[in-house]
Amino acid sequence: MPEASVAHFYDELADDYHLIYSDWDASIRRQGDALDALIGQARTAVLDCSCGIGTQAIGLALRGHSVTGTDLSPRAAARAVREAARRGVSLAAAAADMRRLPFPDGRFDSVVCADNSLPHLLTEQDVRAALTEMRRVLRPAGLLLVSTRPYEDLLRDRPTSTPPHVHRAAADGERTVTFQLWHWHDDGEHYDLEHFQLLPAGGEWRVKVRRTTYWALGQGRLADLAAKAGFVDPEWRMPQETGFFQPLLVARAGE
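## Considerations on the environment of Thr 44
- Within the secondary structure layout, Thr 44 lies in the loop between α2 (24-39) and β1 (45-48).
- Of the residues examined, Thr 44 reaches a relative accessible area of 3% and is grouped as buried.
- Placed 21 residues apart in sequence, Thr 44 and His 65 show a C-alpha to C-alpha distance of 5.2 Å.

## Examining empty space enclosed by the protein
- In total, this model carries 1 cavity of 30 Å³ or more according to the counting rule given.
- The wall of the largest cavity is formed by 24 residues, among which Tyr 10, Ser 50, Asp 71, Ser 117 and His 120 lie closest to the centre.
- Only α1 (3-13) and α3 (55-62) provide two or more residues apiece to the lining of the largest cavity.
- Across the lining of the largest cavity, the residue classes tally to 13 nonpolar, 8 polar and 3 charged.

## A word on the pattern of salt bridges
- The final tally for this structure, using the stated rule, is 22 salt bridges.
- Lys 208 is the salt-bridge partner of Asp 16, the closest N and O atoms lying 2.8 Å from each other. On the criterion of sequence distance, the pair formed by Asp 16 in the loop between α1 and α2 and Lys 208 in strand β9 (residues 204-215) is long-range, its members being 192 residues apart.
- A relative accessible area of 10% places Asp 16 in the buried class.
- Look at Lys 208 and you get partly exposed, because its relative accessible area is 26%.
- For Asp 33, the salt bridge identified is with Arg 63, shortest N-O distance 3.4 Å. With a gap of 30 residues between them, Asp 33 in helix α2 and Arg 63 in the loop between α3 and β2 (66-71) connect regions that are remote in the sequence.

## Looking at α2
- The first and last C-alpha atoms of α2 sit 22 Å apart over 16 residues, in line with the 22 Å expected at 1.5 Å per residue.
- Where α2 is concerned, the buried positions are Trp 24, Ser 27, Ile 28, Gln 31, Gly 32, Ala 34, Leu 35, Asp 36, Leu 38 and Ile 39.
- The N-cap residue of α2 is Asp 23: its side-chain oxygen and the backbone nitrogen of Asp 25 are 3.3 Å apart.
- Of the residues trailing α2, Gly 40 is marked for its positive phi of about 70 degrees.

## Quick notes on the environment of Thr 132
- In this fold, Thr 132 is placed in helix α5 (residues 124-137).
- The spacing of Thr 132 and Gly 230 is 98 residues in sequence and 7.0 Å in space, taken between C-alpha atoms.
- Among the polar contacts made by the side chain of Thr 132, one reaches the main-chain carbonyl oxygen of Arg 128 at a distance of 2.8 Å.

## Focus: the sheet that holds β2
- Taking strand neighbours across the sheet as the criterion, the 7 strands line up as β3-β2-β1-β4-β5-β11-β10 in an open arrangement whose pairing is mixed. The two strands at the open ends of the sheet, each matched to only one other strand, are β3 (92-95) and β10 (231-237). Strand-to-strand twist of the sheet, defined as the mean angle between neighbouring strand axes without regard to direction, takes the value 15 degrees.
- As paired strands, strand β5 (residues 138-147) and strand β11 (residues 248-253) are joined by 5 bridges and run antiparallel to one another. Counterpart to Ser 147 in the pairing with β11 is Leu 248.
- α2 contacts β1, β4 (108-113), β5, β10 and β11 of the sheet and is inclined by roughly 145 degrees relative to β5.
- Contacts from helix α4 (residues 74-86) reach β2 and β3, with the element oriented near 170 degrees to β3.

Each value, and the rule that gives it
- Residues numbered from 1 in each chain as written.
- Predicted model: local features only at pLDDT ≥ 70, side-chain atom pairs only at ≥ 80, totals over all residues.
- Heavy atoms only, no water.
- Helix = DSSP H or I, 4+ residues; strand = E, 2+ residues; numbered from the N terminus.
- Buried < 20%, exposed > 50% of the residue type's maximum accessible area, 1.4 Å probe, protein only.
- 1 Å grid on protein atoms, 1.4 Å probe; cavity = no way out; pocket = protein on both sides within 12 Å on 5 of 7 lines; lining within 4 Å.
- Points joined across faces, edges and corners; volume = space filled by probe spheres on them.
- Nonpolar A, V, L, I, M, F, W, Y, C, P; charged D, E, K, R; others polar.
- Salt bridge = Lys/Arg side-chain N within 4 Å of Asp/Glu carboxyl O.
- Expected span 1.5 Å × (residues − 1).
- Polar contact = N/O pair within 3.5 Å; in protein donor to acceptor, adjacent residues only side chain to side chain.
- Pairing = 2+ DSSP bridges.
- Axes fitted to C-alpha atoms, helices over the stretch in contact; angles between N-to-C directions.
- Contact = heavy atoms within 4.5 Å.

Listed below in structure tokens is the structure:
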């Protein structure tokens, strides 16, 4: 993974990230509720190791969990802390690489890595390193929750773009349009992504473009890598079952 470029992508996006949602606060609560139902216990210690600006971390904190966040982007992690405080919950967050988590062994009851963050790692070696770190910081039988895009379908169809999404500001009704262009590599698994945002600017449009790369990591392959990293009983749970917006790999840390 080109670590600096991924951090730069999310540093640049941090101030505008909420604009990809129609209603960010509603998404915070909906995603937090779905993950809380999978955790199935009250007031647990949760690590969100790709917390971004806090969508899942804040949602879980609102459900009463003690949440710690890390993210490769310092700007995103800092915003997550501010946004949590605005909503009356505590969130400790800092910049860190999920392949080198700055916590002692067995620190957490659950680890969350959501919103297609793991596929920023572009090799099996890096993915396994991250999963091994997640396993290390979990207590025995601790819960792993990883969400990715539905790559089984995407690998079959190899789309070149996403539909435009419109965010309308509550205060003045101004619209922001977000969409992505994808360029697939010759290996058929990796793709470069251009993230476009069209923002209103006095009757005109101002365009922001950020670029990054993903690995379209299939579900069977990711489950196998989780097992090799020390997780047991990995299984995929689909959105229609969990209420979460992406497929979720659910597994337990081995004893």
